[in-house]
Amino acid sequence: MSLKLTTQAYCKMLLHAAKYPHCAVNGLLVAEKHKKKDSPRDSVLCVDCVPLFHGALALAPMLEVALTLKSRLIRPGNIFPVFNCPILIDAWCKENKYVIAGYYQANERIKEARPNQVAEKVAARISENFSEAAMIMWKCREPSTDCFEDWIEAQKITAALLESKSYESLVDFDNHLDDLRNDWTNPEINKSVLHLC
Amino acid sequence: MSSISELYDVSWEEMRDKLRKWREENFRNSEQIVDVGEELINEHASKLGDDIWIIYEQVMIAALDCSRDDLAWSCLQELKRQFPDSHRVKRLAGMRLEALERYEDANKLYDSILQDDPTNTAARKRKISILRAQGKSSEAIRELNEYLEQFVGDQEAWHELSELYINEHDYAKAAFCLEELMMTNPHNHLYCEQYAEVKYTQGGLENLELARKYFAQALKLNNRNMRALFGLYMSASHIAASPKVSAKVKKDNVKYAAWATSQISRAYQMAGRGKKENKCSVKAVEEMLESMQITMS
């Protein structure tokens, strides 16, 4: 079972990290809903990503606002008490027939690539709803080229976007909470990626 | 490549004022500072008067952020020449060593400042930053605690400590730091809201109720704080859903959550103004409102 990233998903992840080089960043990866429900997939293609937060990643409330999770009883010490309520990203997923398939995180320190408590909990929650969920932790090495739908294209387009400082206009969920008019689906960047393809 | 003044049609005075604004508000928009500052220094140095020294300092720090060691070095040289024995300049030299990951050398520099002047807070804070950069969180926390015993009014330090505790998932101690900040800044809605987030993350009924109260307080201080509004909704919803609360508490919290939902909906309507991209969010909030009405009965 392999994971593949489209150029769009990869670019937006990278731009998110590039916009906040001094912070930890995280976000979600989405895949298209599998048409054949009974047969398992041989590979998961993450078609897009939703950049979530930068800075303090270890706080629960806004992360819950961003995700949709099944209802559970509140337990003392449970870092993520949850409530059954479709919010925002879930609604967007439903409209586009996406499913949340993975989570990415880039830590504050480039040398520290271990997933922390937050990463593990989010990944666990996601895998409750999507059994083939993936977690991507950013390291400072070159990624393996197998996980790209088209590595050469991805490299070329990312370089162009970084050169033109497109990351300045990337919107994550934090930016959206600062000003609701900021669109976390990043349609302009999607257009730029398409344009460069 | 065209200059900033050509690209944005600004005068050197406007560029200088922008730099001042960024300095005063402590922005970390280092790439912009480098672009604007470098041009100002190269083209208009003679017009800046004494402002140039603080601009050299600001641009130098931004240059370190952008891996522009060439620019950082030249700014540092100018400052060294003008202020040969200054501790402030020495600290900048230390920061450059930090940027080059020469932590041992940086520490030596800071230690020499502290030998000369044991009350130099800047050097102490840089040493703590080095610990943080090296991933030595527990040591950084210990040192910062010691620092705060002496310099109990240093708000930047309290905030840094709260961040360190949050990263270590020690929410109780993070809450304590934020309480200090709220005491000295009772009108700051951001501290209130962050405190509420920490309480919420700690979990448990009592903490959720506290969280809800502080989200509400943050809203009172700034009714456009969306995080506080969402936080109010989430905490009230959780309290209402808890099997441990009385019927009255449940009813009250459902009311609070419903109010929050209507405010969120209104905020999205005002932001969306019919834009296509926001229709998704508006629809989601409408669904939220509907689900609230079902649980209210």
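Residues numbered from 1 in each chain as written. Chains lettered and ligands numbered in written order. Predicted model: local features only at pLDDT ≥ 70, side-chain atom pairs only at ≥ 80, totals over all residues. Heavy atoms only, no water.

- In the nomenclature of an unreviewed UniProt entry, chain B is known as ER membrane protein complex subunit 2 of Cyprinus carpio.
- Listed in UniProt under the heading Function (unreviewed entry), the comment for chain B reads: "Part of the endoplasmic reticulum membrane protein complex (EMC) that enables the energy-independent insertion into endoplasmic reticulum membranes of newly synthesized membrane proteins."
- The UniProt entry for chain B carries the following text under Subcellular location (unreviewed entry): "Endoplasmic reticulum membrane". (UniProt positions renumbered as here; feature names shortened; annotations may be inferred.)

- Chain A goes by ER membrane protein complex subunit 8 isoform X3 in an unreviewed UniProt entry, where it is assigned to Cyprinus carpio.
- Check the Subunit (unreviewed entry) section of the UniProt entry for chain A; it says "Component of the ER membrane protein complex (EMC). EMC8 and EMC9 are mutually exclusive subunits of the EMC complex."

Quick look at the overall build of chain B
Inference 1: For chain B, the count of helices and strands is 16 helices and 0 strands.
Inference 2: Relative to the compact-globule value of 19 Å for 297 residues, chain B shows a C-alpha radius of gyration of 25 Å, a clear excess of over 25%.
Inference 3: Taken over the C-alpha atoms alone, chain B extends approximately 75 × 50 × 30 Å along its principal axes.
Inference 4: In chain B, buried positions account for 46% of the 297 residues.
Inference 5: Of all intrachain contacts in chain B linking residues separated by at least 6 positions in sequence, the fraction that spans at least 24 positions is 49%.
Inference 6: Looking at chain B as shown, the accessible area adds up to about 15,700 Å², and 49% of this sits on carbon and sulfur atoms.
Inference 7: A distance of 7 Å separates the average location of the 41 positive side-chain charges in chain B from that of its 48 negative side-chain charges. (Helix = DSSP H or I, 4+ residues; strand = E, 2+ residues; numbered from the N terminus. Rg over C-alpha atoms; globule rule 2.2 N^0.38 Å. Buried < 20%, exposed > 50% of the residue type's maximum accessible area, 1.4 Å probe, protein only. Contact = heavy atoms within 4.5 Å. Areas by Shrake-Rupley, 256 points an atom, 1.4 Å probe, with all protein chains shown as cover. Lys, Arg positive; Asp, Glu negative; His and termini not counted. Charge placed at Lys NZ, Arg CZ, Asp CG, Glu CD.)

Considering helix H11 (residues 171-184) of chain B
Residue and element names in this part refer to chain B.
Inference 1: With 14 residues, H11 extends 20 Å from end C-alpha to end C-alpha; this agrees with the ideal 20 Å at 1.5 Å per step.
Inference 2: Those residues of H11 lying buried are Tyr171, Ala174, Ala175, Cys177, Leu178, Leu181 and Met182. On an axial view of H11, the arc spanned by its buried residues comes to 160°, and they lie on one face. For H11, the exposed residues lying more than 90 degrees away from the buried face are Met183 and Thr184.
Inference 3: For H11, the secondary structure elements touched by its buried residues are helix H10 (155-167), helix H12 (189-202) and helix H13 (205-221). (Expected span 1.5 Å × (residues − 1). Arc of directions from axis to C-beta.)

Some points on the UniProt feature "domain: EMC2 TPR-like" (unreviewed entry) in chain B
Inference 1: The positions that UniProt labels "domain: EMC2 TPR-like" (unreviewed entry) are, in the present scheme, residues 90-199 of chain B.
Inference 2: Counting secondary structure, residues 90-199 of chain B comes out at 81% helix and 0% strand; the distance between its end C-alpha atoms is 41 Å.

A short note on the packing of helix H6 (residues 87-99) of chain B against helix H8 (residues 121-133) of chain B
Residues and elements named next belong to chain B.
Inference 1: With their axes 11 Å apart at the nearest point, H6 and H8 run at an angle of 5° to one another. With respect to their mutual orientation, H6 and H8 come out roughly parallel. In this structure, H6 contributes Arg91, Met95 and Glu98 to the contact, and H8 contributes Ala122, Arg126, Ser129 and Ile130.
Inference 2: A per-class count over the contact of H6 with H8 returns 3 nonpolar, 1 polar and 3 charged. (Axes fitted to C-alpha atoms, helices over the stretch in contact; angles between N-to-C directions. Parallel < 35°, antiparallel > 145°, perpendicular 65-115°, else oblique. Nonpolar A, V, L, I, M, F, W, Y, C, P; charged D, E, K, R; others polar.)

As for the environment of B:Tyr147
Residue and element names in this part refer to chain B.
Inference 1: Looking at the secondary structure, you find tyrosine 147 in helix H9 (residues 137-150).
Inference 2: On a C-alpha basis, the gap between tyrosine 147 and serine 265 in space is 45 Å, while along the polypeptide they are 118 residues apart.
Inference 3: Apart from residues no more than four positions distant in its own chain, tyrosine 147 is found in contact with Thr121, Arg124, Lys125, Ile128, Asp154 and Ala157.

Examining the environment of B:Gln32
Residues and elements named next belong to chain B.
Inference 1: If you trace the backbone, glutamine 32 turns up in helix H3 (residues 30-44).
Inference 2: Judged by relative accessible area, which is 40%, glutamine 32 ranks as partly exposed.
Inference 3: The sequence separation of glutamine 32 and valine 59 amounts to 27 residues, and the corresponding C-alpha distance is 9.8 Å.
Inference 4: Ignoring any residue separated from it by four or fewer positions in sequence, one finds glutamine 32 in contact with Trp22 and Gly37.

Here's the deal with the layout of surface pockets
Inference 1: Roughly 730 Å³ of volume is contained in the second largest pocket.
Inference 2: If you trace the second largest pocket, you find 23 residues lining it, with B:Asn223, B:Arg224, B:Asn225, B:Met226 and B:Ala267 closest to the centre.
Inference 3: Going through the elements one at a time, helix H6 (173-178) of chain A together with H12, helix H14 (226-241) and helix H15 (247-272) of chain B are the ones with two or more residues in the lining of the second largest pocket.
Inference 4: Classifying every residue of the lining of the second largest pocket gives 10 nonpolar, 5 polar and 8 charged. (1 Å grid on protein atoms, 1.4 Å probe; cavity = no way out; pocket = protein on both sides within 12 Å on 5 of 7 lines; lining within 4 Å. Points joined across faces, edges and corners; volume = space filled by probe spheres on them.)

So, the UniProt feature "repeat: TPR" (unreviewed entry) in chain B
Inference 1: As recorded in UniProt, the sites labelled "repeat: TPR" (unreviewed entry) are residues 155-188 of chain B.
Inference 2: Each end of residues 155-188 of chain B is marked by a C-alpha atom, and these two atoms are 12 Å apart; helix forms 79% of the span and strand 0%.

Structural notes on the pattern of salt bridges
Inference 1: Within this structure, the stated rule accounts for 24 salt bridges over all chains.
Inference 2: Across the salt bridge formed by B:Arg68 and B:Glu38, the nearest N and O atoms sit 2.8 Å from each other. Here B:Glu38 lies in helix H3 and B:Arg68 lies in the loop between helix H4 (51-65) and helix H5 (69-82), a separation of 30 residues in the sequence.
Inference 3: Looking at B:Glu38, the relative accessible area reads 22%, which means it is partly exposed.
Inference 4: Between B:Lys125 and B:Glu156 there is a salt bridge, with the nearest N and O atoms lying 2.7 Å from each other. With a gap of 31 residues between them, B:Lys125 in helix H8 and B:Glu156 in helix H10 connect regions that are remote in the sequence.
Inference 5: Residues joined by salt bridges that share partners form a network here, namely A:Glu108, B:Arg132, B:Glu160 and B:Glu163. (Salt bridge = Lys/Arg side-chain N within 4 Å of Asp/Glu carboxyl O.)

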